[in-house]
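# Structural description and commentary
Residues per chain, in single letters:
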Amino acid sequence: MATKIRLQRGGRKGYAFYRIVIADVRAPRDGRFTEKIGTYNPNTNPATVDLNFDRALYWVETGAQPTDTVRNILKREGVYLMKHLRGGVKKGAFDEATAKAKFDAWKADKEKGLEQIRANDAKSKSEVYAKNLEAEKKVNETIAKKVADKKAAIAAEKAAAEAAPEATAEEAPAEA
């Protein structure tokens, strides 16, 4: 039986969520499958992958053929690197401990890179927030200045209006 590692779609319209499954090549996309080995959510940033690493490695070593997207997911999770390292152990190039050390170093480096990306993303968001806040403060200051000028003009107008009847009252007897 030819097996494939592929995605099985779930979720609502416009918001896909996938299960990573082992299925017969003749089975429909969302139909019968042999085993579920993980999930993939492309809606988050970065995409979230929850994978049973040991089972994925077993199926890849057994000969199950992944689809292109699943192959990329498995590479990103390190399944193909571990397969490569295990092949080196079988050939006698190095021992199991060295293979595990190399894989752990790769995984730590990958996590470090992901953390740096997350930190840069958070930093850029905070910079944008600060820039927008400054722009909003400037707009609020100009609005407050206009309101203060308008209130001062109204107060001056009232003062002039109150002073004007007194001046006309003084002028009226002089004219008569």
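This text goes with the structure placed above it.
A quick note: this is a predicted structure, and the numbers were derived from the prediction, not measured.

### Here we look at the sheet that holds strand β3 (residues 35–41)
The strand order across the open sheet formed by five strands is β4-β3-β2-β1-β5, and the pairing between neighbours is mixed. A strand with exactly one partner marks an edge of an open sheet, and here the two such strands are β4 (48–51) and β5 (65–66). Alignment of β3 against β4, held across four bridges, turns out to be antiparallel. Bridged to Asn-41 within β4 is Thr-48. Docked against the sheet, helix α2 (residues 68–77) engages β1 (3–12), β2 (15–24), β3, β4 and β5, running at close to 95 degrees with respect to β1.

### A few points about the nonpolar core
Most often, soluble globular proteins have nonpolar side chains that are buried together. In this structure, Ile-5, Ile-20, Ile-37, Leu-51, Leu-74 and Val-79 are the most contacted members of the largest nonpolar core, which totals 21 residues. Put simply, the parts of the chain that give this core at least two residues each are β1, β2, β3, β4, α1 (53–62), α2, α3 (79–91) and α4 (96–175). Among the elements that take part in this core, α1 stands out by supplying four residues, more than any other. Beyond its immediate chain neighbours, meaning those up to four positions away, Val-79 contacts Leu-51, Phe-53, Ala-56, Leu-57, Val-60 and Leu-74.

### A look at the pairing of β2
If a strand is regular, its side chains alternate between the two faces of the sheet. Alignment of β1 against β2, held across 10 bridges, turns out to be antiparallel. Paired with Arg-6 across the two strands is Val-21, which belongs to β2. In this structure, the hairpin formed by β1 and β2 is closed by a connection of two residues, where Gly-14 is found at a positive phi of approximately 80 degrees. Here β2 runs beside β3; their pairing, made up of five bridges, is antiparallel. Residue pairing across strands places Ile-22 opposite Glu-35, the latter belonging to β3.

### Quick notes on α1
Those residues of α1 that fall on the buried side of the exposure criterion are Ala-56, Leu-57, Trp-59 and Val-60. Within α1, the buried residues cover an arc of 165 degrees as seen down the axis, which keeps them to one side. Considering only its buried residues, α1 is in contact with β1, β2, β3, β4, α2 and α3. Positioned one or two residues after α1, Gly-63 has a phi angle of 120 degrees, which is positive.

### With respect to the packing of α1 against α3
As a packed pair, α1 and α3 sit with axes 10 Å apart at the nearest point and diverge in direction by 60 degrees. Here α3 runs oblique to α1, going by the angle between their axes. Helix-helix and strand crossings are classified by hand; for α1 and α3 the assignment is right-handed. Contacts from Phe-53, Ala-56, Leu-57, Val-60 and Glu-61 of α1 reach α3 at Val-79, Tyr-80, Met-82, Lys-83 and Arg-86. The residue inventory of the contact of α1 with α3, partitioned by class, reads seven nonpolar, no polar and three charged.

### Concerning the packing of aromatic side chains
Any aromatic ring pair is given by two values, namely how distant the centres are and how the planes are angled relative to each other. Counting across every chain of the model gives four aromatic pairs. Here Phe-53 and Phe-103 contribute two aromatic rings whose centre-to-centre distance is 5.5 Å and whose plane-to-plane angle is 45 degrees, an arrangement assigned as tilted. Of the two residues, Phe-53 is situated in helix α1 and Phe-103 in helix α4; the sequence distance between them amounts to 50 residues. Connected via pairs of aromatic rings, a cluster forms that spans Phe-53, Phe-103 and Trp-106. The positively charged end of Arg-12 is found above the aromatic ring belonging to Tyr-15, 4.7 Å away from the centroid. A cation sits over an aromatic face here: Lys-102 above Phe-94, 4.4 Å from the ring centre.

About the criteria used
Residues numbered from 1 in each chain as written. Predicted model: local features only at pLDDT ≥ 70, side-chain atom pairs only at ≥ 80, totals over all residues. Heavy atoms only, no water. Pairing = 2+ DSSP bridges. Helix = DSSP H or I, 4+ residues; strand = E, 2+ residues; numbered from the N terminus. Contact = heavy atoms within 4.5 Å. Axes fitted to C-alpha atoms, helices over the stretch in contact; angles between N-to-C directions. Core = buried A, V, L, I, M, F, W, Y, C linked by side-chain atoms within 4.5 Å. Buried < 20%, exposed > 50% of the residue type's maximum accessible area, 1.4 Å probe, protein only. Arc of directions from axis to C-beta. Parallel < 35°, antiparallel > 145°, perpendicular 65-115°, else oblique. Left-handed = near helix turned anticlockwise from the far one by under 90°. Nonpolar A, V, L, I, M, F, W, Y, C, P; charged D, E, K, R; others polar. Phe/Tyr/Trp six-rings, centres within 6.5 Å; stacked < 30°, edge-to-face > 60°. Lys NZ or Arg CZ within 6 Å of the ring centre and 35° of its normal.

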